[in-house]
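Chain residues, written in single-letter form:
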Amino acid sequence: MQAEPTGAPTPPAQTENNQVVAVCLLAVCGGVLAKLYLDLHVAGSIASMALVAFAVLGRPFFHFREFFLLSLAVALTVLAIATRSDVVPMVARALDRAAFLAAFMILLALLRDGAVTSPSVLAVGRYLTRQPPGRRYIALQTGGHLLGVILNFGCLSLLGPLIQRGVRSSNEDEGRDGSDQAMNAEVSAIREQRQITALSRGFSWIVAWSPTTISQAFVPLVLTGVQPLRMALMGAAITLIFFLAGWLEDRIRGRRIRARLSELGQLPAANPLPLPRGGFLRFGFVCAVLAALSTVIVLWSGSAIVPALMLTAPIVTAVWIWLQNRELSNGWQATLARGKEIVTQSIPRSSPEALTLSVAGYSGIMAAGLTDADALADLIGLDAISPLVVYLAVAAIVPLASNLAIPAMLAVTFLGSLFSALPQLGLDPTILGFALIIGWGLNLVGSPFSATSLVLARVTGIPGVTLSWRWNGLYSLISYAIAAAFIAIVTSL
């Protein structure tokens, strides 16, 4: 089975650009992994230099978003040169983190290249898309959340293509003549939106409680006095409420859609498929192997789960593609040809998202290092603001800043540092940390610049603005209202 197209064909004039970008990004990935697991600091320097080379030579792939973030990074670097005596180690640290983020995006996105050609993925996707709407939403929301705890962003790379392939397969099965095809195209668009929305919502809220996420590890570092267990328990409780709210919102919207289709005589008949046990077992096996290998690497190296996934993702993808081709007469040649296609086409196509994430991380680290939190706190006059207002403002500022292309990491670092310097305000560090976590989750759901939107946009081809604003805008507002009420209650206790 051939892979579905993931983007416009690469023009011949871009072939050389593809090769240059591929070489730079492979050097970034290889350097980052060598530094992480072989403790080769020179490899980290090579990765940083390759990232800079990519930022210069990959310009044909960039658009306004990338050029805006590059301009911001250059401005912050110039400011650091003009004001800081330690600018060299400061820039080196920021570049090191940026290279890690670029490698993270590239390596985890490789799982998508295994998923798009997998017959098991197609079988599972077709089965899920034929379930009743409410059941589909619950399955994808819960499944995306639980897999996200183990696989992190790898679950988006796996489940995003699964959903799309199942929806498109259903459209092919249900539409035969022109009118049927037009009707099924509309139904398929609705199915795709509701299922990918369920996935993004379920996945994004792992930051509220899961110890495998960077948020739970990072917030206690920037806020003095946080009780991690208490913060995680509050996060787990509100996640259940968010799940219920998302399901209700989907049901209400689904009823309106079904009523409109019924009036037009276009309501699709239920056409469930038998459970593809083999497909589920094989897909579950891929997930289990990815999780098991990552766990082994964590135990062996002492690394966190994300670096472990970065190492296992390309290995699992390569084996997965070989297993798909092993029964062909030219199985090895087909596998190598698919690998060449991934290197020369798929990786270059992911370069804008890799640059966005890496440059945003670089800018966040630089801006945090250049900010005098104490002086800014005195300027704002925070001592006159009540704790509840501070908590609610913090939960809103993080996603709002993310929508302005300001990384959530930067916003959390800045706000955490600011309020840690003001113990006289009488803020509860754990509730404040919880508010930062809520803001982080809202950023993942409702910002086109969030990692969730970037990964899903990369693996599905759906614009980040559509994923975050059009499909999740109302849900984000509902979630903030729920969070505000929840924070008000825990503050009063």
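You'll find the structure just up there.
Not measured: the values here are computed from a predicted model.

Rules of the game
Residues numbered from 1 in each chain as written. Predicted model: local features only at pLDDT ≥ 70, side-chain atom pairs only at ≥ 80, totals over all residues. Heavy atoms only, no water. Salt bridge = Lys/Arg side-chain N within 4 Å of Asp/Glu carboxyl O. Helix = DSSP H or I, 4+ residues; strand = E, 2+ residues; numbered from the N terminus. Buried < 20%, exposed > 50% of the residue type's maximum accessible area, 1.4 Å probe, protein only. Phe/Tyr/Trp six-rings, centres within 6.5 Å; stacked < 30°, edge-to-face > 60°. Contact = heavy atoms within 4.5 Å. Patch = residues over 30% accessible without salt bridge, like charges linked within 9 Å, V, L, I, M, F, W, Y side chains within 5 Å. Areas by Shrake-Rupley, 256 points an atom, 1.4 Å probe, with all protein chains shown as cover. Lys, Arg positive; Asp, Glu negative; His and termini not counted. Charge placed at Lys NZ, Arg CZ, Asp CG, Glu CD.

Draft legend 1. Up close: the pattern of salt bridges. With the rule as written, the count across this model stands at 9 salt bridges. Here E249 and R201 are joined by a salt bridge, their closest N and O atoms 3.0 Å apart. Taken as a pair, E249 in helix α10 (residues 228-263) and R201 in helix α8 (residues 178-204) lie far apart in primary sequence, 48 residues in all. Note on E249: relative accessible area 11%, which makes it buried. As a salt-bridge pair, R253 and D250 come within 4.0 Å of each other at their nearest N and O atoms. Here R253 pairs with D250, and both are found in helix α10, just 3 residues apart, close to one helical turn. Grouping residues by exposure puts R253 and D250 together as buried. Counted as one network, the salt bridges with shared partners bring together R194, R201, E249, D250 and R253.

Draft legend 2. Molecular detail of the packing of aromatic side chains. Scanning all chains against the criterion turns up 7 aromatic pairs. Centre to centre, the rings of F54 and F62 are 5.5 Å apart; their planes meet at 85°, and the pair counts as edge-to-face. On the accessibility criterion, F54 (0% relative accessible area) is buried. Taken together, a centroid distance of 5.5 Å and an interplanar angle of 40° make the contact between F434 and F486 tilted. With F434 in helix α18 (residues 429-446) and F486 in helix α21 (residues 473-492), this residue pair connects regions lying 52 residues apart in the sequence. The exposure classification of F434 matches that of F486, with both residues buried. Ring pairs connect the aromatic residues F54, F62 and F67, which therefore count as one cluster.

Draft legend 3. Region of the structure containing unusual backbone geometry. In this structure, D39 takes a positive phi of about 55° despite not being glycine. Locating D39 in the fold gives a position in the loop between α1 (15-38) and α2 (41-57). In this structure D39 comes out as exposed when scored by relative accessible area, which is 54%.

Draft legend 4. Geometry of the environment of A53. Checked against the element boundaries, A53 lands in helix α2. On the basis of relative accessibility, which here comes to 26%, the residue A53 falls in the partly exposed class. Between the alpha carbons of A53 and L25 there is a distance of 9.4 Å; along the sequence they are 28 residues apart. Not counting chain neighbours up to four residues away, the residues in contact with A53 comprise C24 and G58.

Draft legend 5. Representation of a negative patch on the surface in the model. On the surface, a cluster of negative charge is made up of D372, D374, D378 and D383. Along the chain, D378 falls in helix α15 (residues 373-380).

Draft legend 6. Main features of the side chain of T452. Tracing the sequence through the fold places T452 in helix α19 (residues 451-460). Its relative accessible area of 2% is what places T452 among the buried residues. Apart from residues no more than four positions distant in its own chain, T452 is found in contact with F153, L156, S200, F203, S204 and L444.

The values are spatial; any link to function lies outside them.
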